[in-house]
Amino acid sequence: MVAEMTAVTVEAQDLETREVNRAIKRSIADGAKEIHVLHPAGRHSFAVALRADDVKVVFEGPTGWYTAGMNFGPHVVIEGNTGWGVGECMMGGRIEVLGHAGSGTAASIRGGLVYVQGDTGARAGIAMKGGALVVGGDSGYMTGFMMQRGTIVICGDAADGIGDSMYEGTIYVGGSIASRGADAEIEEVTDEDRVLLKQMLGDVGIDENVDGFTKIVSGRKLWNFSTKEPELWKSAL
Amino acid sequence: MCGIVGVFYKGEGAVGPVGQLMTDMCDQLFRRGPDSAGVALYGPPVTDGLVVRVDLDRPDLDTAEGEVLTAVDQVTTVKEAARVSRSLRLIVTDDAEGKLADVIEERVRDARVFSVGRSMEIVKDLGMACDINQRYELGTFVGSHGIGHTRMATESRVDIAHSHPFWARPFPDISVVHNGQITNYHKLRRRLEQRGHRFATENDSEVIAVYIADKLEAGGSLDQALRASIEDLDGTFAYLISTANGVGLARDQFATKPLLYAEDDEKVVLASEEISIRALFPDPGLVPRELQAKEVRWWLR
């Protein structure tokens, strides 16, 4: 009886997106602790605007764009790929993508964790205002573009323009860096960084030697406009 | 915003239901562009001849068809003719040294040649892809590959001629579908016109088709043409180009437009969003990947 109360299955195949999202919300209101959504089939806007702690929503397959956006609290797992803008504007909670993610992963998140086991597309962590993004694979073009706070960890390789015009925050890259963006500077990795990295990777089940990671921070040269540095501004987008 | 899709069956002689597949995949993306839809389908190559698709924008379809046949007869021989709705399909012996499309359009009022090729047939119209499938009886079309498009017009008018795919006139069997805007369109078009190419529409996407075909004709490989396009095309783009024996794709330097590819031993499936692939290919073993900024890919038979 208790098991029935706490675990719920939603078959997405025969439902409109709104009906799926309503079913998730209703289940949470009824006290469900784990909700499995079957056959999400790459469809968009699932599990958005949820406010709940101690609730796990599992998509048994790939989801489309804007999955788990605007959430505060829940733990969302996607057993497959996800599309653009996963976790967009999340306030808090946890999202795990057990495949690859499209562009704009974790855009503008304020808190919580987004973990992508595979690769991310362009502009992962764009305008992040807090929280953490951990990428198990490679990251695409301009990862961390204009990020303002928070932490991005990329275990694989970073494509061109990483950290372009970032205000603050920290990016760690385990693999190679194709090129850094405007005003993205390399800083020495400290013991504290290594402890943080070990803890962040351990949290998502990655046991990796963190010695080889590169740390990228804002050079803060774009914070104020200076007529003496026109070249700097010309190269910035 | 537009939706683009494609399928390519690998291996010599491999075919599939490309007509149904392309329109079904387009419909999955209709939210990306509900203005019009279209497909370029590659069937079994015509032996000793070319297949021509002519759109007749006329209420008097029988008269228009007669006029086209008369016009074509003066420059080449019509072997077969059949019309479904306003799309006239001809099998001709040759394309009069690349002049066939111009001849038809000059001599027949409101007739537009959408495609000429040994295997390529382009059909496009306003509305949803499923309606176009019904209207033009595309459901039974079997072929080696195809591309499709569902359009939200941004840079040029909403009508049938400005819908995708675009034929790389006058080059047989080359077509393109594009999501994005080509901002140096006028410059590129002028440059290609100076080299003798003629454009059928005001749509910026048409220039991609002619640009690639021009590179291929000059002896370049598809790989070289795709890579050159990344440098020469300005603006936002994810596009699919299809030739008689292959498909290629490219994405702009800022990765502004989405494009996924999924591949197994038998086929390659291409789409703007995974939803379009999953609806038709639920097999979890087929894992779509997003094309990265400046990345090109191609498959040849």
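Residues numbered from 1 in each chain as written. Chains lettered and ligands numbered in written order. Predicted model: local features only at pLDDT ≥ 70, side-chain atom pairs only at ≥ 80, totals over all residues.

Caption draft 1: Highlighting the overall build of chain A. Across its full length, chain A holds four helices and 11 strands. For chain A, the C-alpha radius of gyration of 19 Å lies close to 18 Å, the compact-globule estimate for 237 residues. If one aligns the C-alpha atoms of chain A with their principal axes, the spans along those axes are about 70 × 35 × 25 Å. With 237 residues in all, chain A has 52% of them scored as buried. (Helix = DSSP H or I, 4+ residues; strand = E, 2+ residues; numbered from the N terminus. Rg over C-alpha atoms; globule rule 2.2 N^0.38 Å. Buried ≥ 20, exposed ≤ 12 C-beta atoms within 10 Å, placed from the backbone.)

Caption draft 2: Inspection of the sheet that holds strand S4 (residues 78–84) of chain B at higher detail. Residue and element names in this part refer to chain B. Strands sit in the order S4-S5-S3-S6 across an open sheet of four strands; the sheet is antiparallel. Of all the strands in the sheet, just S4 and strand S6 (111–117) have a single pairing partner and so form its edges. Within the sheet, the average angular offset between the axes of one strand and its neighbour, ignoring direction, is 20 degrees. Of the strand pairs in this sheet, strand S3 (residues 50–56) and S6 are connected by six bridges, and their pairing is antiparallel. Its bridge partner lying in S6, Val52 is registered against Val116. In this fold helix H3 (residues 100–107) packs onto S3, strand S5 (87–92) and S6, with an angle of close to 165 degrees to the strand it touches most, S6. (Pairing = 2+ DSSP bridges. Axes fitted to C-alpha atoms, helices over the stretch in contact; angles between N-to-C directions. Contact = placed C-beta atoms within 7 Å.)

Caption draft 3: Spotlight on the interface of chain B and chain A. Chain B puts 14 residues into the contact, and the matching count from chain A is 18 residues. Of all the elements in the fold, those that place two or more residues in the side of chain B that touches chain A are helix H8 (274–280) and strand S15 (289–290) of chain B. Its residues assigned to classes, the side of chain B that touches chain A comprises eight nonpolar, one polar and five charged. (Nonpolar A, V, L, I, M, F, W, Y, C, P; charged D, E, K, R; others polar.)

Caption draft 4: Representation of helix H2 (residues 61–73) of chain B within the structure. Residue and element names in this part refer to chain B. Across its 13 residues, H2 extends 18 Å between first and last C-alpha, which sits within 8% of the 18 Å expected from 1.5 Å per residue. Taken together, the buried positions of H2 are occupied by Ala64, Glu65, Val68 and Val72. Projected onto a plane normal to the axis of H2, the buried residues spread over an arc of 100 degrees and lie on a single side. Exposed side chains of H2 directed beyond 90 degrees from the buried face belong to Asp62, Gly66, Thr70 and Asp73. (Expected span 1.5 Å × (residues − 1). Arc of directions from axis to C-beta.)

Caption draft 5: Unusual backbone geometry, seen in detail. Residue B:Pro165 is reached from B:His164 by a cis peptide bond, and omega for that bond is -5 degrees. One can find B:Pro165 in the loop between strand S8 (145–151) and strand S9 (166–167). Omega for the bond connecting B:Arg169 with B:Pro170 falls within 30 degrees of zero, at 0 degrees, which places this linkage in the cis form. Here B:Pro170 shows up in the loop between S9 and strand S10 (175–182). A positive phi angle is found at A:Ala68, which is not glycine, with a value near 55 degrees. The buried category is assigned to A:Ala68, around which 32 C-beta atoms lie within 10 Å. Backbone geometry at A:Arg123 places phi at a positive 55 degrees, although glycine is not the residue there. Here A:Arg123 is to be found in the loop between strand S6 (113–116) and strand S7 (129–135).

Caption draft 6: Just the environment of A:Leu133, in detail. Position of A:Leu133 relative to the elements: it lies in strand S7. For the pair formed by A:Leu133 and A:Ala107, sequence separation is 26 residues and the distance between their alpha carbons is 9.9 Å.

Caption draft 7: Spotlight on the nonpolar core. By size, the foremost hydrophobic cluster in this structure holds 84 residues, and its most contacted members are B:Val54, B:Ala209, B:Tyr239 and B:Leu240. With seven residues, helix H6 (residues 206–217) of chain B is the single largest residue contributor to this core. Shared between two domains, this core takes at least three residues from each, and those domains are domain 1 (3–44 + 129–300) and domain 2 (46–117) of chain B. Every residue in contact with B:Val54, bar those within four places of it in the chain, is listed here: B:Val68, B:Leu88, B:Leu90, B:Ile104, B:Ala111, B:Arg112, B:Val113 and B:Phe114. In this structure, A:Ala12, A:Ile28, A:Phe46 and A:Val55 belong to the second largest nonpolar core, which totals 68 residues. (Core = buried A, V, L, I, M, F, W, Y, C linked by C-beta atoms within 7 Å. Domains from an automatic or database assignment.)

Caption draft 8: Focus on the packing of H2(B) against H3(B). Residue and element names in this part refer to chain B. With their axes 9 Å apart at the nearest point, H2 and H3 run at an angle of 135 degrees to one another. Of the possible angle classes, the one that applies to H2 and H3 is oblique. The way H2 lies across H3 gives a crossing that is right-handed. Residues Val68, Ala71 and Val72 of H2 lie in contact with H3, whose contacting residues are Val103, Ile104 and Arg107. Here the residues of the contact of H2 with H3 sort into five nonpolar, no polar and one charged. (Parallel < 35°, antiparallel > 145°, perpendicular 65-115°, else oblique. Left-handed = near helix turned anticlockwise from the far one by under 90°.)

Caption draft 9: Representation of the environment of B:Glu274. In this fold, B:Glu274 is placed in helix H8. Given 30 C-beta atoms within 10 Å, B:Glu274 falls into the buried group. Residues B:Glu274 and B:Tyr261 lie 13 residues apart in sequence; the distance between their C-alpha atoms is 9.1 Å. Those residues within four positions of B:Glu274 in sequence are excluded, and the remaining contacts are A:Gly42, A:Pro62, A:Gly64, A:Asn81, A:Gly83, B:Leu260 and B:Pro288.

No statement about biological role is implied by the geometric values presented.
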